[in-house]
Amino acid sequence: MRFTYAEAMTDPAYHLPLARAAEAAGYAGFSVADSLVYPKDSGTSYPYTPDGDRGFLEDKSFVETFVLIAAMGAVTSTIRFTPFVLKLPVRPPVLVAKQAASIAYLTGNRLTLGVGLSPWPEDFAAMGVPWPRRGRRMDEAIEVVRGLTSGGYFEYHGEFYDLPPVKMSPVPTEPIPILVGGHSDAALRRAARMGDGWMHGGGDPAELDALLSRLAALRAEEGTAGRPFEIHVISPDAYSVDGVRRLADKGVTDLIVGFRWPYAKGPDTQPLARKIELLERFAESVIAKVSP
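Our subject in this report is the structure included herewith. (Residues numbered from 1 in each chain as written. Predicted model: local features only at pLDDT ≥ 70, side-chain atom pairs only at ≥ 80, totals over all residues. Heavy atoms only, no water.)

Some remarks on the overall build of the chain
Keep this limit in mind: Starting at the N terminus, helices and strands are each numbered in turn, a helix being any DSSP run of H or I of at least four residues and a strand any DSSP run of E of at least two. For every residue, the accessible area (1.4 Å probe, protein chains only) is compared with the maximum for its type, and the residue is labelled buried under 20%, exposed over 50%, or partly exposed between those bounds. Pairs of residues are marked as contacts when any of their non-hydrogen atoms sit within 4.5 Å. Note on areas: these come from Shrake-Rupley sampling with a 1.4 Å probe, and a residue is covered only by the protein chains present in the view. All tallies of charge rest on Lys and Arg as positive and Asp and Glu as negative; His and the ends of each chain are not included. The atom standing in for a charge is NZ when the residue is Lys, CZ when it is Arg, CG when it is Asp and CD when it is Glu.
When you go through the chain residue by residue, the secondary structure sums to nine helices and 11 strands. Within the span of the chain, comprising 292 residues, buried residues form 48% of the whole. Relative to all contacts within the chain whose residues are 6 or more apart in sequence, the contacts with residues 24 or more apart total 68%. Taken as a whole, the chain presents about 13,200 Å² of accessible surface, with 55% of it coming from carbon and sulfur. In the chain, 31 side chains carry a positive charge and 35 a negative one; their mean positions are 2 Å apart.

Some details on the pairing of strand E11 (residues 254–257)
Regular strands place side chains that alternate from one sheet face to the opposite one. Operational definition: Pairing between strands is defined by DSSP: at least two bridges between the two strands are required. The handedness rule is simple: strands pointing away from the viewer, and a clockwise path from the first strand over the helix to the second, make the crossover right-handed.
On E11, burial covers both faces: Asp254 and Ile256 on one face and Leu255 and Val257 on the other are all buried. As paired elements, strand E1 (residues 2–6) and E11 share four bridges and run parallel to each other. For Thr4, the partnering residue across the bridge sits in E11 and is Ile256. On the question of chirality, the crossover connecting strand E10 (residues 230–233) to the parallel E11 by way of helix H8 (residues 241–249) is right-handed.

Observations concerning the packing of helix H3 (residues 93–106) against helix H5 (residues 134–148)
Selection criterion: In this analysis, axes come from line fits to C-alpha atoms, helices being fitted only over the stretch in contact, and the angle between any two N-to-C directions falls in the range 0 to 180 degrees. An angle below 35 degrees is read as roughly parallel, one above 145 as roughly antiparallel, one from 65 to 115 as roughly perpendicular, and any other as oblique. Crossing handedness is defined as follows: a turn of the near helix away from the far one that is anticlockwise and smaller than a right angle gives a left-handed crossing, while the clockwise case is right-handed. Ten residues, namely Ala, Val, Leu, Ile, Met, Phe, Trp, Tyr, Cys and Pro, are considered nonpolar, four, namely Asp, Glu, Lys and Arg, are considered charged, and the remaining ones, Gly among them, are considered polar.
Across the interface, H3 lies against H5 with an axial gap of 9 Å and an inter-helix angle of 40°. The orientation of H3 relative to H5 falls into the category oblique. H3 and H5 meet at a crossing whose hand is right-handed. Residue-level inspection shows Pro93, Val94, Val96 and Ala97 of H3 in contact with H5, the latter providing Ala141, Val144, Val145 and Leu148. Per-class residue counts for the contact of H3 with H5 are eight nonpolar, no polar and no charged.

Remarks on the side chain of Lys87
The line we're drawing: Note on definitions: salt bridges are taken to be side-chain nitrogens of Lys or Arg within 4 Å of carboxyl oxygens of Asp or Glu. Here a polar contact is recorded for every N or O atom pair within 3.5 Å, except that within protein the pair must consist of a potential hydrogen donor and a potential acceptor, and residues adjacent in sequence are included only if both atoms are side-chain atoms.
Within the secondary structure layout, Lys87 lies in strand E4 (residues 86–87). Of the buried charged residues, Lys87 lacks a salt bridge, with Asp34 as the closest side chain of opposite charge at 4.0 Å. Among the polar contacts made by the side chain of Lys87, one reaches the main-chain carbonyl oxygen of Asp34 at a distance of 2.7 Å. When neighbours within four sequence positions are excluded, Lys87 is seen to be in contact with Asp34, Ser35, Gly116, Ser118 and Asp123.

So, helix H2 (residues 65–74)
Selection rule: The directions considered for the arc run from the helix axis to the C-beta atoms.
When we look at burial in H2, the residues that qualify are Thr65, Phe66, Leu68, Ile69, Met72 and Gly73. Along H2, the residues classed as buried sweep out an arc of 160° about the axis, all on the same side. What points out from H2, more than 90 degrees from its buried face, is the exposed set Val67 and Ala74. Looking at the buried residues of H2, the elements they touch are helix H1 (15–25), strand E2 (29–32), strand E3 (80–83), E4, H3 and strand E5 (113–116). The opening residue of H2 is Glu64, an N-cap whose side-chain oxygen sits 3.0 Å from the backbone nitrogen of Phe66.

Thoughts on a nonpolar patch on the surface
The test is simple: To count toward a patch, a residue needs a relative accessible area over 30% and no salt bridge; like charges are then connected within 9 Å, while nonpolar side chains (Val, Leu, Ile, Met, Phe, Trp, Tyr) are connected within 5 Å.
Judged by side-chain polarity, Leu36, Val37 and Met127 come together as a nonpolar surface patch covering roughly 220 Å² of accessible area. For Met127, a relative accessible area of 38% corresponds to the partly exposed category.

Regarding the pairing of strand E6 (residues 154–157)
In E6, alternate side chains face the same way, and those of Phe154 and Tyr156 are buried while those of Glu155 and His157 on the opposite face are not. Where E6 meets strand E7 (residues 162–166), three bridges bridge the pair, whose relative direction is antiparallel. Counterpart to Phe154 in the pairing with E7 is Val166. Where E6 folds back on E7, the antiparallel hairpin that results is connected by four residues.

Below you can see the structure in the form of structure tokens.
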């Protein structure tokens, strides 16, 4: 079992010391949130809070995802970074491929690319991307990113993207794992069909077993059950040794843990020293007892 430390919507100056502290404490990964803009008016709800309220996002700091990963990668040497999750279809996939390849190359293959569909039409509107057919656009974007980051010439002719033979340099020495986030059946099927793994978004803990069962069934349907596959999960069971073992028995490979309620409105008042104390305490009480 691997453990990913999650911290977002906090003082941006905290991220670099937190990345160093998480690496020193034995965490395998650091998740990096993605947010582009916050609309003044929206009728869209957030899918992972009990009441759907997205007001907790207002005035929260989000450093651009790849910029933040580059900065944290420069002050660490082993911990890997996973966008949780990058809103892929609102971005030009060729640019994403260039950013991802550059980060993976400079960090020594320490990027795992978590991608997903933004649940908000406002993100698509702000980026000048149509909302309809976003699922198919997402599929094509994944194919483009994977192809361009693999090295060699790559061409693509799809509904949304059309590329003559082109290539990028540098590219990383290992393929960039692409993990698909989302709880909808379409997202689970996309993860099973196209992904190197799946990212759980949290929400009601009681729903996790059904999601894992459905994911397993879809991987069997798609004929991908035999290939390596990461499953990143948020769960209350992650905070005890027995709970971690139960999740491992269900096929979970990575646990995402944080130490404050992230959906509170207003500024994060938890000091940096307290954050480091909590991540170190968890490493001593759980990670050290379940990791080899």
